[in-house]
Every structure is written in C-alpha cells, then in structure tokens.
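# Structural description and commentary
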Amino acid sequence: MTQEVSIRIERSFTAIPPELWATLDGAGRYKPGGSYNPFNAHGFLSALEESGSATAETGWLGHHLLLEDAAGTLIGAVPCYLKSHSRGEYVFDHGWADAYQRAGGRYYPKLQAAIPFTPATGPRLMVAQGRHQAEVRALLAAGLRQVTEKIGASSAHVTFLPEDELAAFEGQGYLHRTDQQFHFLNAGYRDHDDFLDTLASRKRKALKKERRAALENGITIDWLTGTDLTESVWDQFFAFYMDTGSRKWGRPYLTRDFYSLIGERMADDILLVMAKRNGRYIAGAINFIGGDTLFGRHWGCIEEHPFLHFEVCYHQAIDFALAKGLKKVEAGAQGEHKLARGYQPVTTHSAHFIAHPGLRRAVADYLEHERREVEQIGEYLGGHTPFRKGERQCRDD
C-alpha cells in the first residue's frame, strides 16, 4: 500500500456511524451464509457502551483504532479498550500482572483488542471490503503496537482472533497464546438423529436418555427470535442471567438495558432457547446467529432440573444449527462436559505484545510450555470423542 495512512483513536464507539462500520468485512450482513460475525456488528458493540456494560466506569474505556487513508476513508479498524483490570476477558493474565507489579512495574492500564465479555472467535483486524487484506492487517497490527508504546501501556492483548490473523501479529513481535474450546462441527447432518447415528452405541443411548430426562416434569422448549423478543421476554431472561451470573461472577457484567438495545438493533441475529414449565419460563440461553455459526453465550435458570442446562445450551443449539444449515456451534469458554455431547476440541488463539523486555521474555517462556500443554490436551481429548471409531474423519471428508 503506497498511499499515506494514519491511525485515529475513537474513544466512543457510538461516534462511529453504523453505515461506515458496516463497510468492514464481517461487520455487515453483505454475505449471508459467509463471514458475518454478530459480535463485530455495530449494534452489538454500541449496545455494550450505551447500556453502561462496557464503559470507563466499568474498566472498559473505548480506544478503538481506525485506519484511514489521506482522504479520511476508513481502511480498517480494531475494536479496542483501555483496561484497568483483567475481568471479563476469558484469557487469563492475572499471573502476569501480579508478577510484574511485584517486580515494581505497572501492568494497568493495558490495551485489550477484544469483544467485551465474549469468548468467541472473530475478526480483530477488520479490513474494509475491497482492500488488500494482508497489507491492511499488517498496518493494523503495527498500529496497535505503536499506540501501546505511545500511551505507555504495559501491553496489548488480542484475544479470540482467527488463526489466519496470527501472521500479522507475529510479524510485529507479538507472542502467540493458545487455549481450548469445544465446538459442534456440522458434517452435513440432515438432523439430530443423523448426527446421533455417528456416535458409538453406548454414547448415543446415553444422550437420548439425557434429552428425555431433561424434559420431564412437563418442561417444553421454545425458540424465540426476531419479533418474539419482547420486553417481557427480556425481563424474564434477565432474571435468569442475574441469578446465575451473581453466583458465578459476583456481579454480572451486562445490564438490563443491554438486552433491550440488542433486541431493537439485531433481533434477527439472536436466538433465545427458553424452557417453560407450568405456563412460565424457568430457564433460558442466549445465542447469536452468524453467517455460518451459532454462538452460544450464557444461560440462567430459576428452577433446577436434571440435565436441563445441557438440553437448553447444547442439544437445542445443535438442533437449531442443523435446521438452519449452519456449519458449527461455538458454545463458549471451557467445559469438557461438552465433549460427551458431540462438541469437539478446537484450539483458540490470542496475540500479546509486552512492552517491557524482561516481562516479555518471561511470558514468552511461559507460553512456549503452555502451547505444548494445550496441544497435548487437545490430542488426548480428540481421542475421547463419542464418535464411532473413524466416523468423524469420514464425515469431514
């Protein structure tokens, strides 16, 4: 790219026009069935800010990088935040922060190129449609490093990025980190029974029994999307979220206003799987619908029933993905219990620029060992899927 370019920092995401943001690949619905990622959509990111969920007051100060040419035309962007803590990220660096601060350093603030509270892989180096992807990505990775150094932040962390973005970061000296998630991969199954037919007999019988048990006590399941997402429904789902979130995190990250805003702006990209008993909803899970992926996020309940969590979060997500012809389900962070339900181990990636040479060397050594461990665990788990021997390989051909 021979033309002059520059990086501009925008602290308020709502100051970026939606129609401008939609020109970035993956952020606008120009390719149905393709690259669209709902978490990179303007409606999602602006709702996080406007609802008070991701703001300076909650430790997520917007520091979004906009790459522009000499005429001020948007070429690329990085959703980014200046962080005063490490909560809500799902790629844990608390140990790095503690070690650096014990040595007399100041770890916070740091830059976090990520989607707040969202452990889902998606574009971090966002390129305007029609632009040279490799060149723009390289410029954005370099720009993020330069901004980190210019403002005196300890580090920049780019989490849950696609593997094909790694080259741009590694070319700028970022460190590569890996982790493990469990995704359902649709190998062209006609329906859930077709998928179950690929499992070992004992595993198949166990899952059928589990699904029957989950719906005992008169429980039924509704799929709600689009105009189904009324304020009354959001009130009920938010009660589930607050109950479960308070027990898991102490203080849930998302506000009630967040759900109203995404309901207004991207209702067709949302699936609520809601469980009903005795005429009222008792549990639910929120999912986001991408171009080829269903992203499961969080769930909650006000009644405890055996196996209901698995049914609402995992089995129903597979049913919906197969019904809509989606290629995969990403069911969020961690959870080896997903393996028995047909979700397969998948490696996730992040990139980290550490400004201090001593801390960078220590982190690099740690990550080298961690990557080997993640690879070994992935190989082990891959050998313990519920599929019949050789079935998964055949279905993926």
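Residues numbered from 1 in each chain as written. Predicted model: local features only at pLDDT ≥ 70, side-chain atom pairs only at ≥ 80, totals over all residues. Heavy atoms only, no water.

### A look at unusual backbone geometry
Cis geometry is found at the peptide bond from Tyr 108 to Pro 109, where omega equals 10°. If you trace the backbone, Pro 109 turns up in the loop between α3 (94–102) and β6 (110–113). Notably, Phe 160 is not glycine yet its phi reads approximately 55°, a positive angle. Tracing the backbone shows Phe 160 in strand β8 (residues 155–161). Phi at Phe 307 is positive, roughly 70°, even though this residue is not glycine. Along the chain, Phe 307 falls in the loop between β13 (293–301) and α10 (308–324). (Helix = DSSP H or I, 4+ residues; strand = E, 2+ residues; numbered from the N terminus.)

### Some points on the packing of aromatic side chains
Scanning all chains against the criterion turns up 29 aromatic pairs. On the numbers, 4.8 Å between centres and 10° between planes, the contact of Phe 117 with Tyr 253 is stacked. Within this pair, whereas Phe 117 is found in the loop between β6 and β7 (126–127), its partner Tyr 253 is found in the loop between α8 (231–249) and α9 (256–265), the two being separated by 136 residues in sequence. Both residues of the pair, Phe 117 and Tyr 253, count as buried. An angle of 35° between the planes, with centres 5.4 Å apart, marks the rings of Trp 234 and Tyr 259 as tilted. Of this pair, Trp 234 sits in helix α8 while Tyr 259 sits in helix α9; the two residues are 25 residues apart in sequence, bridging distant segments of the chain. The pair formed by Trp 234 and Tyr 259 is uniform in burial state, with each residue classed as buried. One aromatic cluster in this structure is built from Phe 39, Phe 44, Trp 234, Phe 237, Phe 238, Phe 240, Tyr 241, Phe 258, Tyr 259, Phe 288 and Phe 295. (Phe/Tyr/Trp six-rings, centres within 6.5 Å; stacked < 30°, edge-to-face > 60°. Buried < 20%, exposed > 50% of the residue type's maximum accessible area, 1.4 Å probe, protein only.)

### Describing the sheet that holds β8
Across the sheet, 11 strands lie side by side as β2-β5-β6-β8-β15-β9-β14-β13-β12-β11-β10; this open sheet has mixed pairing. Here the strands that pair on one side only, and so sit at the sheet edges, are β2 (60–62) and β10 (220–224). Between one strand axis and the next, the sheet turns through 30° on average, direction left out of account. Pairing of β8 with strand β15 (residues 344–354) involves 6 bridges; the strand directions are antiparallel. Along β15, the bridge assignment pairs Thr 159 with Ser 350. On the sheet, helix α4 (residues 133–151) packs against β5 (81–83), β6, β8 and β15 and is oriented at approximately 160° with respect to β6. The strands that helix α11 (residues 357–382) touches are β9 (175–185) and β15; relative to β9, the one it contacts most, it runs at about 25°. (Pairing = 2+ DSSP bridges. Axes fitted to C-alpha atoms, helices over the stretch in contact; angles between N-to-C directions. Contact = heavy atoms within 4.5 Å.)

### A few points about the packing of helix α2 (residues 42–50) against α9
Close contact between α2 and α9 brings their axes to 9 Å; oriented N to C, the two are set at 155°. It follows from the interaxial angle that α2 and α9 lie roughly antiparallel. Crossing handedness for the pair α2 and α9: right-handed. Only Phe 258, Leu 261, Ile 262 and Arg 265 of α9 make contact with α2, whose side of the interface consists of Gly 43, Phe 44, Ser 46, Ala 47, Leu 48 and Glu 50. (Parallel < 35°, antiparallel > 145°, perpendicular 65-115°, else oblique. Left-handed = near helix turned anticlockwise from the far one by under 90°.)

### Comments concerning the sheet that holds β7
Spatially, 4 strands are ordered β1-β3-β4-β7 in an open sheet, and the strand pairing comes out antiparallel. Across the chains shown, the open sheet's two edge strands, defined by having one partner strand only, are β1 (5–10) and β7. Pairing geometry for strand β3 (residues 64–69) and strand β4 (residues 74–78), over 4 bridges, is antiparallel. Paired with Leu 65 across the strands is Val 78, a residue of β4. In the packing of α4 onto the sheet, contacts are made with β1, β3, β4 and β7, and the angle to β3 comes to roughly 130°.

### Observations regarding the side chain of Asn 40
Mapping Asn 40 onto the fold places it in the loop between α1 (18–21) and α2. You can call Asn 40 buried: its relative accessible area is 0%. Every residue in contact with Asn 40, bar those within four places of it in the chain, is listed here: Trp 21, Gly 26, Ala 27, Leu 45, Pro 79, Ile 115, Gly 122, Pro 123, Arg 124 and Met 126.

### Some remarks on the environment of Thr 14
Its location among the elements puts Thr 14 in the loop between β1 and α1. Discounting residues that sit within four places of it in the chain, Thr 14 has contacts with Ser 46, Glu 49 and Glu 50. Here the side chain of Thr 14 touches Glu 49 through a polar contact of 3.3 Å, side chain to side chain. (Polar contact = N/O pair within 3.5 Å; in protein donor to acceptor, adjacent residues only side chain to side chain.)

### Comments concerning the pairing of strand β14 (residues 328–333)
On a regular strand, one side chain projects to one face of the sheet and the next to the other, so that they alternate. Of the strand pairs in this sheet, β9 and β14 are connected by 4 bridges, and their pairing is antiparallel. For Leu 185, the partnering residue across the bridge sits in β14 and is Lys 328. Note on the crossover from β13 through α10 to β14: the handedness is right-handed. (Right-handed = clockwise from strand over helix to strand, strands pointing away.)

Keep in mind that these numbers describe shape and distance, not what the molecule does.
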